[in-house]
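Summary of the model geometry
Next come the chains, spelled out residue by residue.
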Amino acid sequence: MEIPTGTTKTKRSFISSVGLKLDLELAKIHKNITGPSPIKTSNTPVGVNQLNLTFDALSYYVQTGFFKKEKKRVLSNVCGDFRPGELTAIIGPSGAGKSTLMDILAGFTTSGVTGDIRVNGRGRNLAAFRRSSAYIMQDDNLQLLLTVQESMSVAANLKLGPETPEVDKQHGIDIILREMGLGSARDTRAVDLSGGQKKRLAIALELISNPPMMFFDEPTSGLDSVASRQCVGLLKSLAQEGRTAVCTIHQPSAALFDMIDHLYVVVAGRCAYAGSARNLVPYLASVGLPCPTYHDPADFLLEIVSGDYGDHSPRLIRSSENGKSPLWRSTRTERKKVAPLKLAPKLPLSATPILYECEDRAGSAYHATSSWRQLGLLLRRNAVSLSRDRVLTFMRLTMHLLIALLVGTLCYQTGQDAARALDNFNLLFFSLLFLMFNALTTTIITFPAELPSLMREHFNRWYKLRSFYIANRFADLPVQIAAVSIYTLVMYFMTGQMLESKRVAMFILICVLVSLIAQVIGIIAGCSLGIQTAPIFGPFTILPYVIFSGFFVHLNDAPSWLQWLFHVSFLKYGFEGVMIAIYGNNRPKMQCSEDYCQFCWPRVFLKAVDMEHSDYCFAAAFLFGLYVVLDLSAYFVLRWKLKTRKL
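In what follows, the accompanying structure is described. (Residues numbered from 1 in each chain as written. Predicted model: local features only at pLDDT ≥ 70, side-chain atom pairs only at ≥ 80, totals over all residues. Heavy atoms only, no water.)

Take the overall build of the protein chain next. Along its length, the protein chain carries 25 helices and 10 strands. Within the protein chain, the proportion of its 647 residues that are buried is 56%. A sequence separation of at least 24 residues applies to 77% of the contacts in the protein chain between residues at least 6 apart. Roughly 27,900 Å² of accessible area belongs to the protein chain as shown, and the carbon and sulfur atoms make up 58% of that amount. (Helix = DSSP H or I, 4+ residues; strand = E, 2+ residues; numbered from the N terminus. Buried < 20%, exposed > 50% of the residue type's maximum accessible area, 1.4 Å probe, protein only. Contact = heavy atoms within 4.5 Å. Areas by Shrake-Rupley, 256 points an atom, 1.4 Å probe, with all protein chains shown as cover.)

Here is the structure:
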């Protein structure tokens, strides 16, 4: 989608036509999903299913000290009025509080906030508001291995629900992709898209549900001037057809500034100007700061608030009454004079219901699809991603095979030779260590990488967190079991372990349980420590289990006050389980390749390694129970991190 480079009037006409076509088509597609809900309005007139967002005396505090619990004020009693049909741009210097204000208004940040936020004159119901709005964050956080068409199909199925016919969903996808200039890239994977295309795809995914209010955090970040103009032109087209569009822009160029309807300037946590973009120059002149001829007004304003001409920020804040003054707002009549629009009759925005009249319905309609349908769709999406991720999937399988061949060659036919019982003992422990650390390090790197995408999709009510977590665990389960089975089977037969199907099954079960426990520990460490520190400190969380596994020091040889640590080490039970699988269950006397072998009888060997009284069933039950407990713990850790927005 290219924006014409001619006159301002031509640009506005193009933007209006794109927005009109997109809005009419979406309304046609969604008109049967929900009926329009009446909204009680305040002083600002709004249409059916339009949202007017106002805030008064809004402040935000963050804790800066760990011991003193000191609080720093980031926003200070700011006021504002963001109306439907306008493209509102929040601008200001770095660190002024633009993104913080955006997070609060979108409902992304809720703790530490004081003040009043109202929607259509009524107190904001956060659940209903999030159901009727969308937040496109600065980072795209897309599913990089899915094509544009696949990403849109998943979003449509999750956000529209099964009651919408597939034909209508596909028709909506076609309309959105065409109007956003992504029609030619529908079969392209997201990882191969340009920066501008990724931005437009992120918007298109949320536009599926046709929300009446949309927030955009730095939508032009990382884009060149042409792509930035296209992106802001798209936001303008979305706003002109009745949506409330709010974005943050660090420093808009003259071309972008001309597209902005309402300008909200933040400096040091306060509002220095709230009004029409075309009224900025008269406003500055009214406070004794005339904009020089041929100087970009936005650049001049940022120079003023940055202190290049002295400290004029307090005067600007007083003049704008910290965002409360309505003197410099443009009316609908004035906007029509600037950009006359010939609009066809609009259909109401009805894809996302506005449910402020009934809070119970708002809670029940928070997600468009059931948990089971969410689970099925996410499982399918994860399966496609895993099948295309050669590093994560095929390299894992290949690595397990190569290590098994190496170990099998080094310890060839040691399993039934009593003279090499200790070598086999070391081999079994190494196998558990390899499977454990491989599962831990793989998960500790890959799982945190999915969290930004989870944050965006979950916040924009695509699915429930438990659906995501279960789908993620189930999708990877076959790959992990296959990798462990490849290693254990190749190693088992090459090293000449006893060929009994029962023993093979017992051996594989213990190895799988140990690897799954290590995976869950990796998830907990990855969520708790973050993607940067988890790969460094994560492996240290599992070392105590290795120390108290019974390999380096036997339980009876350890000090009595440390013996309880052996009983909580899952690796101890895993080691006992594989030893019983190989040497237990009344295994007959082993062959000896030398003149004398101390461990010809397996029970003698088990007694020597302090495992004669070990119980395989108890070990397997302990590992399975621990896996369930840790899996639930990982889910609640993820839920807590998601709730506190610390992912």
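Once you've had a look at it, read on.
On to helix α2 (residues 98–106). Counting buried positions along α2 yields seven of nine residues, so the element is predominantly enclosed. Residues of α2 that are buried: K98, L101, M102, D103, I104, L105 and A106.

Quick look at the packing of helix α19 (residues 501–529) against helix α23 (residues 570–583) now. Close contact between α19 and α23 brings their axes to 8 Å; oriented N to C, the two are set at 165°. The angle between the axes of α19 and α23 places the two elements in the roughly antiparallel class. Along this stretch, α19 crosses α23, giving a crossing that reads as left-handed. Residues R503, M506, F507, I510, C511, V514, I517 and I521 of α19 lie in contact with α23, whose contacting residues are F570, L571, G574, G577, V578, I580, A581, I582 and Y583. Residues belonging to the contact of α19 with α23 are distributed by class as follows: 14 nonpolar, two polar and one charged. (Axes fitted to C-alpha atoms, helices over the stretch in contact; angles between N-to-C directions. Parallel < 35°, antiparallel > 145°, perpendicular 65-115°, else oblique. Left-handed = near helix turned anticlockwise from the far one by under 90°. Nonpolar A, V, L, I, M, F, W, Y, C, P; charged D, E, K, R; others polar.)

Attention now goes to the sheet that holds strand β3 (residues 87–91). Read across the sheet, six strands follow the order β6-β7-β8-β3-β9-β10 without closing on themselves; strand pairing throughout is mixed. Whereas interior strands pair on both sides, the edge strands pair on one side only; in this sheet they are β6 (133–136) and β10 (270–276). Here the average twist between neighbouring strands, direction ignored, is 15°. Where β3 meets strand β8 (residues 244–248), four bridges bridge the pair, whose relative direction is parallel. Residue I90 lies in a different strand from β8, and its bridge partner there is T248. (Pairing = 2+ DSSP bridges.)

As a further point, take the sheet that holds strand β2 (residues 71–82). Here we have four strands laid out as an open sheet, ordered β2-β1-β4-β5, and antiparallel in their pairing. Both outer strands of the open sheet, β2 and β5 (122–123), are each paired with one neighbouring strand and no more. When strand β4 (residues 113–119) meets β5, the two strands line up antiparallel, connected through two bridges. Looking at the pairing, V119 lines up with R122 of β5. Against the sheet, α2 makes contact with β1 (53–63), β2 and β4, and its axis sits at roughly 115° relative to β1, the strand it touches most.

Right, let's talk about the pairing of β10 for a bit. The buried fraction of β10 amounts to six of the seven residues, a majority that puts the element mostly inside the structure. Bridge count between strand β9 (residues 262–267) and β10: six bridges; the pairing is antiparallel. When the sheet's bridge partners are listed, V266 is paired in β10 with C271.

Let us look at the state of the cysteines. Summed over the entire model, instances satisfying the criterion amount to one disulfide. What pairs with C592 in a disulfide is C597, and their sulfur atoms sit 1.7 Å apart. An S-S torsion of about 75° defines the bridge between C592 and C597 as right-handed. For C597, a relative accessible area of 9% translates into the label buried. (Disulfide = S-S within 2.5 Å.)

For helix α4 (residues 148–160), with 13 residues, the first-to-last C-alpha span of 18 Å sits near the 18 Å given by 1.5 Å per residue. Extensive coverage of α4 is indicated by the burial of 11 of its 13 residues. Among the residues of α4, those classed as buried are V148, Q149, S151, M152, V154, A155, A156, N157, L158, K159 and L160. Positive backbone phi, at 90°, marks G161, one or two positions downstream of α4. (Expected span 1.5 Å × (residues − 1).)

Tracing the chain through its elements places G92 in the loop between β3 and α2. Spatially, the C-alpha atoms of G92 and G269 are 9.8 Å apart, while their sequence positions differ by 177 residues. Here G92 is in contact with K98, I249, H250, V266 and L302, once residues within four sequence places are set aside.

Once that is clear, we can look at the nonpolar core. Core analysis: the biggest nonpolar cluster contains 176 residues, and L101, M152, I203, F215, Y264 and M579 have the highest contact counts within it. The element contributing the most residues to this core is α19, with 16 residues. Setting aside chain neighbours within four positions, we find F215 in contact with L53, M102, L105, A106, F129, S133, A134, Y135, I136 and V246. Among the nonpolar cores identified, the runner-up in size contains five residues, and F548, L555, A558 and L565 belong to it. (Core = buried A, V, L, I, M, F, W, Y, C linked by side-chain atoms within 4.5 Å.)

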